[in-house]
Amino acid sequence: MLKAGAAARRRFVQHLLAEVPLAAGAWSDPRPFDTVYFGGGTPSQLPAEDLAGVLEACRAHLPIAAEAWVSVEVNPEDVTAEACAAWRRLGARTLSLGVQSFSDEALRFLGRRHHARQARAAVQTALDAGFHTVSVDLIFGLPGQASEAWQRDLDAAVALGPHHVSCYQLTIHERTRFGVAAKRGQLVEMPESEQAVLFELTHRRLADAGYAAYEVSNFARTSDHESRHNRKYWDHTPYLGLGPSAHSLAIADAAGSPGARRWWNELRTPRWEARIAAGEPPVGGEEALGPRELATEAVLLGLRTAAGIDLAAFAARYGFDLLAANAALLDRLVADGRLTVESRPGAARLVPTLAGLAVADGLGAAFEVPAVASPV
Amino acid sequence: MDHIRNFCIIAHIDHGKSTLADRLIQRCGAVEAREFRDQILDSMDLERERGITIKANTVSLPYTAKDGRTYELNLIDTPGHVDFSHEVRRSLMSCEGALLVVDASQGVEAQTVANLYLATELGLTVVPVINKIDLPSADVERVMEEIDRDLGLDPFAAIQVSAKLGTGVDDLLEAIVTQLPPPRGDPQAPVRALLFDAQYDAYRGAVLLVRFFDGTLRAGTRVRLMHSDALHKVEEVGFERLKRVPAGQLSAGEVGYVLAGIKSLSGLAIGDTLTEAERPAAEPVPGYREAKPVVFSSIYPMATDDYEDLTKALEKLKLNDASLIYEKDSSAALGFGFRCGFLGLLHLDVVQERLEREYGLSLILSAPSVRYRVVLLDGKEVWVDNPTFYPDAGGIQAVFEPYIKASIMTPERYLGTVMELCRERRGAETTHRFLAAGRMEVVSQLPLAEVLFDFYDRLKSITQGYGSFDYELLDYRLGDLVKVDILVNGEKVDALSQLVHRDFARPRALRYCERLAKTIPRQQFKIAIQGAIGGQIIARTTINPFRKDVTAKCYGGDITRKRKLLEKQKEGKKKMKMVGAVEIPQEAFVAVLRTETDEDED
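Along each chain, numbering runs from 1 in the same order as the chain's sequence is written. Throughout, the order in which chains and ligands are written sets their labels, letters from A for the former and numbers from 1 for the latter. Where totals are concerned, whole chains, interfaces and linings use all residues; where local detail is concerned, this predicted model gives features only for residues with pLDDT of at least 70, and gives and counts side-chain atom pairs only at 80 or more.

(A) Expanded view of the overall build of chain B. Working definition: helices are DSSP H or I runs of at least four residues, strands are E runs of at least two. Numbering for both runs from the N terminus. The number of helices and strands found in chain B is 14 helices and 33 strands. Burial is judged by counting the other C-beta atoms within 10 Å of a residue's own C-beta: 20 or more makes it buried, 12 or fewer makes it exposed, and any count in between marks it as partly exposed, with every C-beta position built from the backbone. Looking at chain B as a whole, 48% of its 602 residues qualify as buried. Partitioning the contacts of chain B with sequence separation of at least 6, the portion at a separation of at least 24 is 68%. Residue pairs are scored as contacts if the distance between their C-beta atoms, which are placed from the backbone, is within 7 Å.

(B) Molecular detail of the interface of chain A and chain B. Taken together, the contacts link 41 residues of chain A with 25 residues of chain B. Put simply, the parts of the chain that give the side of chain A that touches chain B at least two residues each are strand 5 (164-169), helix 8 (192-208), helix 9 (228-234), strand 9 (260-265), helix 11 (291-302), helix 13 (327-335) and helix 15 (360-366) of chain A. Among the elements that make up the side of chain A that touches chain B, the one with the highest residue count is helix 15 of chain A (seven residues). Classification convention: Asp, Glu, Lys, Arg as charged; Ala, Val, Leu, Ile, Met, Phe, Trp, Tyr, Cys, Pro as nonpolar; all other residues, Gly among them, as polar. The residue inventory of the side of chain A that touches chain B, partitioned by class, reads 19 nonpolar, 12 polar and 10 charged.

(C) Spotlight on the sheet that holds strand 9 of chain A. Residue and element names in this part refer to chain A. One requirement defines pairing of two strands: DSSP has to find at least two bridges between them. Strand order in this open sheet of three strands is 8-9-10, and the pairing throughout is antiparallel. Where the open sheet ends on each side, the last strands, each with one partner, are strand 8 (247-251) and strand 10 (283-289). On average, adjacent strands in this sheet sit at an angle of 15° to one another, irrespective of strand direction. In this structure, strand 8 lies alongside strand 9, joined through five bridges in antiparallel fashion. Bridge pairing in strand 9 links Ala250 to Arg261. Angles run from 0 to 180 degrees between N-to-C directions of axes, and those axes are lines fitted to C-alpha atoms, restricted for helices to the stretch in contact.

(D) The arrangement of the nonpolar core in detail. Of all hydrophobic cores here, the largest spans 221 residues; its most connected members are A:Leu95, A:Leu97, A:Ala126, A:Val299, B:Ala98, B:Leu100 and B:Val129. Those residues in contact with A:Leu95, other than ones at most four positions away along the chain, are A:Val72, A:Val74, A:Trp87, A:Ala126, A:Phe131 and A:Val134. Each nonpolar core reported here comprises buried Ala, Val, Leu, Ile, Met, Phe, Trp, Tyr and Cys residues connected via C-beta atoms within 7 Å.

(E) Summary view of the packing of helix 12 (residues 502-519) of chain B against helix 14 (residues 586-593) of chain B. Residue and element names in this part refer to chain B. Running from N to C, helix 12 and helix 14 point in directions that differ by 150°, and their axes come no closer than 9 Å. Taken together, the axes of helix 12 and helix 14 lie roughly antiparallel to each other. The two elements helix 12 and helix 14 cross, and the hand of that crossing is right-handed. Side by side, helix 12 and helix 14 meet where Tyr512, Arg515, Leu516 and Thr519 of the first sit next to Glu587, Ala588, Ala591 and Val592 of the second. Geometric relationships in this document are graded by angle, where less than 35 degrees denotes roughly parallel, more than 145 denotes roughly antiparallel, 65 to 115 denotes roughly perpendicular, and other angles denote oblique. Should the near helix be turned anticlockwise from the far one by less than a right angle, the crossing is left-handed, and should it be turned clockwise, the crossing is right-handed.

(F) Fine view of the environment of B:Thr311. Residues and elements named next belong to chain B. Locating Thr311 in the fold gives a position in helix 7 (residues 307-320). Here Thr311 falls in the partly exposed class, since 16 other C-beta atoms lie within 10 Å of it. Separated by 10 residues in sequence, Thr311 and Pro301 have C-alpha atoms that sit 9.9 Å apart.

(G) Molecular detail of the sheet that holds strand 20 (residues 363-365) of chain B. All names here are of chain B. Here we have four strands laid out as an open sheet, ordered 18-19-17-20, and antiparallel in their pairing. Only two strands of the sheet have a single neighbouring strand rather than two, namely strand 18 (325-331) and strand 20. Each adjacent strand pair in this sheet contributes to an overall mean axis angle of 30°, direction not counted. When strand 17 (residues 295-301) meets strand 20, the two strands line up antiparallel, connected through three bridges. Bridge pairing in strand 20 links Pro301 to Leu363.

(H) Spatial organisation of the confidence of the model for chain B. Residues and elements named next belong to chain B. You can read pLDDT as the predictor saying how much it trusts each residue, on a scale of 0 to 100. Scored by pLDDT, chain B comes out at a mean of 85, with 91% of its residues at no less than 70. A low-confidence stretch, residues 46-56 stays under pLDDT 50, and its non-local contacts, those more than four residues away or across chains, total 34 contacts. Listed scores for the predicted complex are pTM 0.69 and ipTM 0.89.

(I) Region of the structure containing unusual backbone geometry. Residues and elements named next belong to chain A. One non-glycine residue, Arg175, adopts positive backbone phi at about 55°. Mapped onto the elements of the fold, Arg175 is located in the loop between strand 5 and helix 7 (177-183). Here Arg175 falls in the exposed class, since 7 other C-beta atoms lie within 10 Å of it. A positive phi angle, close to 60°, is found at His236, a residue other than glycine. Considering the arrangement of structural elements, one finds His236 in the loop between helix 9 and strand 8.

(J) Inspection of helix 2 (residues 48-61) of chain A at higher detail. Residues and elements named next belong to chain A. Here the expected span of a helix is defined as 1.5 Å times the quantity of residues minus one. Between the first and last C-alpha of helix 2 there are 20 Å, a value that for 14 residues agrees with the 20 Å anticipated at 1.5 Å per step. Among the residues making up helix 2, those that are buried are Ala48, Leu51, Val54 and Cys58. Taken end-on, helix 2 shows its buried residues confined to a sector of 120°, consistent with a single buried face. For helix 2, exposure combined with an orientation more than 90 degrees from the buried face picks out Glu49 and Ala60. Those residues of helix 2 that are buried lie in contact with helix 1 (6-25), strand 1 (33-38), strand 2 (64-74) and helix 3 (81-90). Think of the arc as the fan of directions from the helix axis to the C-beta atoms.

(K) Region of interest: the confidence of the model for chain A. Across chain A, the average pLDDT comes to 93, with 98% of residues at 70 or higher. When mean pLDDT is compared element by element in chain A, strand 7 (residues 218-220) of chain A scores highest at 98, while helix 7 of chain A scores lowest at 85.

(L) Region of interest: helix 1 of chain A. All names here are of chain A. The end-to-end C-alpha distance of helix 1, which contains 20 residues, comes to 30 Å, matching closely the 28 Å that a straight helix rising 1.5 Å per residue would cover. When we look at burial in helix 1, the residues that qualify are Phe12, His15, Leu16, Glu19, Val20 and Ala23. Those residues of helix 1 that are buried lie in contact with helix 2 and helix 10 (269-277).

(M) Up close: the environment of A:Arg349. Residues and elements named next belong to chain A. By the element assignment, Arg349 lies in strand 13 (residues 347-352). For the pair Arg349 and Ala312, spaced 37 residues apart in sequence, the C-alpha separation works out to 8.0 Å. Beyond its immediate stretch of four places on either side in the chain, Arg349 contacts Ala307, Gly308, Ile309, Asp310, Leu311 and Glu342.

(N) Focus on the packing of helix 2 of chain A against helix 3 of chain A. All names here are of chain A. The interhelical angle for the contact between helix 2 and helix 3, taken along N-to-C directions, is 10°, at an axis separation of 9 Å. By the angle between their axes, helix 2 is roughly parallel relative to helix 3. Along its contact with helix 2, which presents Ala48, Leu51, Ala52 and Leu55, the element helix 3 presents Ala83, Ala86, Trp87 and Leu90. The residue inventory of the contact of helix 2 with helix 3, partitioned by class, reads eight nonpolar, no polar and no charged.

(O) Spatial organisation of the environment of A:Tyr168. Within the element layout of this structure, A:Tyr168 appears in strand 5. Remark: the alpha-carbon pair of A:Tyr168 and A:Val216, spanning 48 residues in sequence, is separated by 8.7 Å. Residues in contact with A:Tyr168, not counting those within four places in the same chain, are A:Asp137, A:Ile139, A:Ser217, B:Ala552 and B:Lys553.

Structure (structure tokens):
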């Protein structure tokens, strides 16, 4: 988030450009990157030329596929026909708009700078600009939010007809504005039962409008509109992140055993800049993932997706039968309608139902992942 | 024998018995000031903390009185609870006199009266002592009136002391010498000595504490314990002066210890009579009753890894507590443990607390049970104290359960509620009679099983602490008993099964179900908790699963965070017991199995 002025922006871009070769030096996976994502902040605050410069630097130092899918995350107030044209020139095929809500009241509560009217106009402009995929981010579960209010937001989104919708439930983190308010009792988090109602409403309403849920919070008109980039986070495809607090993952299978390394950049911009200025990769921390950690994540992440877990692939990679290791639990969860086992020949999958998606974290925690050495 | 005084101190809880004992010991110089710890007689931490004496200790104090003669004052400490009533009785039987302590601000209370009755029944001379006169709230005049009116004792004979400050202790020592009678007995007659306590010494084995009524005993004499019919050769006799002081002999009227190379306490019966093998006494000391366990419960370690530690702890505890019995037990839900027998509920409490405190163990105890006599269809009889081994209902002809004769003393104003309590607990032939002014005794024949659950606490609560309770076992009577099982998602949780009267089966089952529902965390699926008699469901609660438990965003950095959180949760789950696919935290067992109360507080 850049609140500072033009000078700070320039400094930020310079450091980002300088990070590219540093990061590339530490990246050894030869396979080409087939997606590039500008996001996790407000890249639309940077002029498109800056984004183009960064992309160019990446192409110069990293194996970026020529046809790599470029996505850009933008704020509605930054969306104009001109800006859209510039992003298209950059090669962006997906434009993701941080709309959050089509209600001014909700936007005020969330501390957004744009208005509902602006949000509608921005989505329309983006659609008119001819991006392959226009995506709209919405937030639900605001304290005291009535299901009717959320329904109106969904209806507004559906009426505009973007190709992709992300609906995130408001999460109140400690040490944020909302976290502090909640602690002081000025804000009451939505009770679980109401959260569940809104979650189900979201999935039903969007399904009715032809948007298929392919993940807990993500919906697409067709599979071609699903996020190619985000999927990588969920299936342990390697990724390289640049910028403050960006995360990266490299696969490091060793001695016949699945392995990976995940690292993250310095969280604070000044520290990130200082490390780069000193000519160091600005890595703030890292972790090594062994077979057990990876299998745990694979369950956790797989159960968040509509496709679920490919059981044969899972067994091949981690060396154990997930269902056999959790037989009693599985019986209960299937009986209670949280999970189904789809067993087409050669393609058995463990798939969450809608009720299962709603409690995916708990499901992931309930599954036993035995500590076994496994062949890759 | 004229220079001997055998006495005990009896008091309501917290009226300062132990502090007074400490002061007497100090004043008689039996212990160096620097060695002195407060409440020396209550050597176990637990006793210090609870202010009750569990294990009787005794001490002989040399005291030079104003008449210039040196007396041997034998202070015999008494345990203070109904579970140990045999021990109290035996301690009192070893004395000629008792100091009855009354708190100067609290006045006469239930146990004061109960203790006085017991002491006078056994023919003891009682000297009232008003303690804590230093307290600002002390009201000596009122207490003197109560001593006169409620106890029927001479209030002007009462000695006023502050055990804390030492005030009046000299007067008290003189009163012990002048008001209490010396023992009587024939030193030439065959030895007749009451075994009123035993302790374990790692080097010398069992240390028998005895009161000599007749005869004289020296080292080398062969002795017989009359009830257990065991022969031993005396190695050493002597006096307990906080440490053992050997003596040439012990004889009639004296209190001391006997070492006879006895390896363990387990074969000893407190209350037994020691006599000479060659020249036995004609009759044992009267009043012997075998201390039989009447309450049974299984003890499991919270963490199954602690089973070895529990085994060792019980072995050690047993050395000092002959009345504790145990054998191996196991539960599908709770793993390996021990089935233990106790003298009563407090005994159970004390054992649990000692295991937890002295041996650092965390424990789960199954619901206490009595021992039932079950007559099978084929006429065979089996004894069952563990619901796990209760025969199939179809094979049972009749079940008999132990009954007690409960004697409850209460101020008159609580008579109605006390009678009602007895009725609720299936009391039969409940009668009442007046004792002193305003004081009643209620006698009722109650199933022991009904007393196990919270009876004493309820009595205390409905009588505002004034009710006191004593019981003796009567007989076995036909009972309409059923085994209630608790099922979690259809799986029986063996540790929660219990035997109950049919009328109480449903409420008890429901209470268990509700407590489980409160303490088992919500899980990913619906959990049905049922109470059942055989195949018939009599109670049911449900724990609904989570409906929403997923974070919205899960991209780069969220994944590590999420996995770490999950790893932490899994660590916590290791402490859970699995019943089918349901994770049950230890606290759930603790909550369900904690002492019954009629209404759950929350």
